[in-house]
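# Breakdown of the fold
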Amino acid sequence: MKFKFNVDITQEDYIELNRIVMTETPAGKKSSKISNLVFIAVCVILVLFTLVTSKFSGEGFIVTGVLIIAFLLVHLTLNKTITNLAVKGTVKSLTKIKGKLPYSEHSVLEFYDDVFVEITDDNKTETKYSAIENVIVNENMVILLINSLQGYIVPTRSFESIEQKNSLVEFLNSKTQKY
């Protein structure tokens, strides 16, 4: 065994994982692009409606310009907030639907040469490194992303030191070439 971590996941960790998946993965970026295109389409419809109802007058063009600027400002300032609210809402609704958290609050992650193992109270999962789609590292956690619906979190607080965190990241990089 190369590494072993006792992992305690909080709701904030899970929310951050889902926020990262929504904003930094290919599937999340695609979803974000679609959302942006819908926003642009709505803006175009409103602009055209304003121009048509004003019979393409000078006043109509001024109102249209103001509308475009207002929509862009709202979009730029609220986009991150809306994403965060959507993630929090999704996590809370998953908890209500299933009656329990959609993740294990405590697990043990063991990293071997050819696989890593997650052990929870209910389950033992063995995963080959080749199944890892992406390794995402930030100041709060290391994420082993299997796909857009499954990932493993190792919060920074689970490490004994930053050096240990860096060693795990180097090890994962040598096994996956995904970081």
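Residues numbered from 1 in each chain as written. Predicted model: local features only at pLDDT ≥ 70, side-chain atom pairs only at ≥ 80, totals over all residues. Heavy atoms only, no water.

Here the focus is the nonpolar core. Judged by nonpolar contacts, the single largest core of 33 residues is most densely connected at Phe5, Phe111, Phe116, Val142, Leu144, Leu168 and Leu172. At the level of elements, β1 (3-8), α1 (11-24), α3 (58-98), β2 (106-111), β5 (134-137), β6 (141-147), β7 (150-155) and α4 (162-176) are the ones that each hand at least two residues to this core. Broken down by element, this core gets its largest block of residues, six residues, from β6. (Core = buried A, V, L, I, M, F, W, Y, C linked by side-chain atoms within 4.5 Å. Buried < 20%, exposed > 50% of the residue type's maximum accessible area, 1.4 Å probe, protein only. Helix = DSSP H or I, 4+ residues; strand = E, 2+ residues; numbered from the N terminus.)

Moving on, we get to the side chain of aspartate 13. Tracing the backbone shows aspartate 13 in helix α1. Apart from the residues within four sequence positions on either side, aspartate 13 is in contact with Asp8, Met141, Ile153, Pro155 and Arg157. (Contact = heavy atoms within 4.5 Å.)

Between side chains of opposite charge, a pair can form as their charged atoms come close. Here the structure, examined in full by the defined rule, presents three salt bridges. Linking lysine 4 and glutamate 110 is a salt bridge whose minimum nitrogen-to-oxygen distance equals 4.0 Å. Here lysine 4 is found in strand β1, whereas its partner glutamate 110 is found in strand β2, with 106 residues between them in sequence. Glutamate 110 sits in the buried class, given a relative accessible area of 11%. Taking the shortest distance from any N to any O, the salt bridge between aspartate 13 and arginine 157 comes out at 2.2 Å. Of this pair, aspartate 13 sits in helix α1 while arginine 157 sits in the loop between β7 and α4, placing them 144 residues apart in sequence. (Salt bridge = Lys/Arg side-chain N within 4 Å of Asp/Glu carboxyl O.)

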